[in-house]
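Fold and geometry: a report
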Amino acid sequence: NGGAQVNLINNALRCANLSVQDIDFIECHGTGTALGDPIEVHAIRDVFMHRKSPLYLTSVKANIGHLEPTAGIAGLIKSVLCLQYKEIPKNIHLKKLNPKINSREAPLQFPTENTSLDPNKKLRCGVSSFGFQGTITHCILESSDTSRDIIEHNLYANRKECYKPNISSLFLKFPCRRESNTVW
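Residues numbered from 1 in each chain as written. Predicted model: local features only at pLDDT ≥ 70, side-chain atom pairs only at ≥ 80, totals over all residues. Heavy atoms only, no water.

A closer look at the environment of Ile 140
The following threshold applies: What counts as a helix is a DSSP run of H or I of at least four residues, what counts as a strand is a run of E of at least two, and both are numbered from the N terminus. Buried, partly exposed and exposed residues are distinguished by accessible area as a fraction of the type maximum, computed with a 1.4 Å probe on protein chains only: under 20%, between the cut-offs, and over 50%, respectively. In this analysis, two residues are considered to be in contact whenever any of their non-hydrogen atoms come within 4.5 Å of each other.
Mapped onto the fold, Ile 140 is located in strand E7 (residues 136-142). Since its relative accessible area comes to 23%, Ile 140 is described here as partly exposed. Sequence separation between Ile 140 and Ser 128 is twelve residues; the distance between their C-alpha atoms is 9.0 Å. Sequence-distant contacts of Ile 140, that is, excluding residues within four places in its chain, are made with Ala 12, Leu 13, Ala 16, Leu 18, Ile 23, Cys 125 and Gly 126.

Written out as structure tokens, the structure is:
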């Protein structure tokens, strides 16, 4: 459902207090189907239509295939590595874009070569994943490569009264309210 994907991505951006300009790439679910990929890309296009710089669209499935129930975590791991190494690997099996995908109205790019990201800025990406039962998720990741971030994290994790999140405390962290038609 393209409309649900648009709402989900917009909600993730709003909850993170980010704009479409703040995202460097999207790790798409990438179903690899004639119907699913155009719906996903068109939803992304509709959200990011007014951005000024290119938005790279990638999918781990284009390189290693579908991993069934672990496909979402593979995309998440790939995205973390892209942020860490500041590079997006090329979509090695992308030879021809699905003709039903219309990305001309937005600055979307599908990397066919390894693409370096700006090493001097904090990078952010969106990661989408879809489940068999219609569950859709979209999370936003941000690079953290300063010594201060690492030190603060280690100090925080080593406290005796270590914070142990549970589902109710996680919802308290977010300024957004969960909507019944949105999963995040």
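Things to note about the nonpolar core
The condition is simple: Put simply, a nonpolar core is a bunch of buried Ala, Val, Leu, Ile, Met, Phe, Trp, Tyr and Cys residues held in one set by side-chain atoms that sit within 4.5 Å of each other.
In terms of nonpolar packing, the biggest core is built from 18 residues, with Leu 13, Ile 26, Ile 44, Phe 48, Leu 55 and Leu 57 touching the most fellow members. Looking at this core, the elements that each hand over two or more residues are helix H1 (2-15), helix H2 (36-48) and strand E2 (55-58). Here this core takes five residues from H2, the largest share from any one element. Leaving out residues up to four positions away in the same chain, Leu 55 has contacts with Ile 23, Asp 24, Phe 25, Ile 26, Ile 44, Phe 48, Pro 107, Leu 108 and Gln 109. Membership of the second largest hydrophobic core comes to ten residues, among which are Cys 82, Leu 83, Ile 88 and Cys 125.

What about the pairing of strand E6 (residues 124-130)?
As a reminder, the rule being used: Paired strands, as defined in this entry, are two strands with at least two bridges between them according to DSSP.
Counted residue by residue, E6 has six buried out of seven residues, so it is predominantly covered. As judged from the seven bridges shared by E6 and E7, these two strands associate in the antiparallel manner. Of the residues in E7, the one forming a bridge with Ser 129 is Thr 137. Connecting E6 to the antiparallel partner E7 that follows it, the hairpin turn spans five residues, and Gly 134 within it adopts a positive phi of roughly 95°.

Concerning the side chain of Asn 98
The cut-off we apply is this: A 3.5 Å cut-off defines polar contacts: any pair of N or O atoms within that distance qualifies, except that in protein one atom must be a possible hydrogen donor and the other a possible acceptor, and neighbouring residues in sequence count only when both atoms are side-chain atoms.
Within the secondary structure layout, Asn 98 lies in the loop between strand E3 (87-88) and strand E4 (108-109). Overall, the relative accessible area of 19% leaves Asn 98 in the buried class. At a separation of 2.8 Å, a polar atom in the side chain of Asn 98 contacts the main-chain amide nitrogen of Lys 100. Excluding anything up to four places from it in sequence, Asn 98 contacts Thr 33, Ala 34 and Pro 38.

Points about empty space enclosed by the protein
For clarity, the threshold we go by: A 1.4 Å probe that fits into a set of points on a 1 Å grid over the protein atoms alone but cannot get out defines a cavity; an open set with protein on both sides within 12 Å along at least five of seven lines defines a pocket, and lining residues are those with an atom within 4 Å of a point. Grid points are joined across faces, edges and corners, and a volume is the space filled by probe spheres set on the points. Each residue is assigned to one class: nonpolar for Ala, Val, Leu, Ile, Met, Phe, Trp, Tyr, Cys and Pro, charged for Asp, Glu, Lys and Arg, and polar for all the others, Gly among them.
According to the stated counting rule, one finds two cavities of 30 Å³ or more in the structure shown. Empty space within the largest cavity amounts to approximately 60 Å³. Around the largest cavity, the lining residues are Glu 27, Cys 28, His 29, Ser 59, Val 60, Lys 61, Ala 71, Gly 72, Gly 75, Val 127, Ser 128 and Ser 129. Elements supplying a minimum of two residues to the lining of the largest cavity: helix H4 (71-85) and E6. Split into classes, the residues belonging to the lining of the largest cavity amount to four nonpolar, six polar and two charged. There is about 40 Å³ of room inside the second largest cavity. Looking at the second largest cavity, the residues that line it are Gln 5, Leu 8, Ile 9, Glu 40, Ile 44, Ser 128, Phe 130, Thr 137 and His 138. Listed by contribution, the elements that provide at least two residues to the lining of the second largest cavity are H1, H2, E6 and E7. With three residues, the single largest contributor to the lining of the second largest cavity is H1. Here the lining of the second largest cavity is built from residues that sort into four nonpolar, four polar and one charged.

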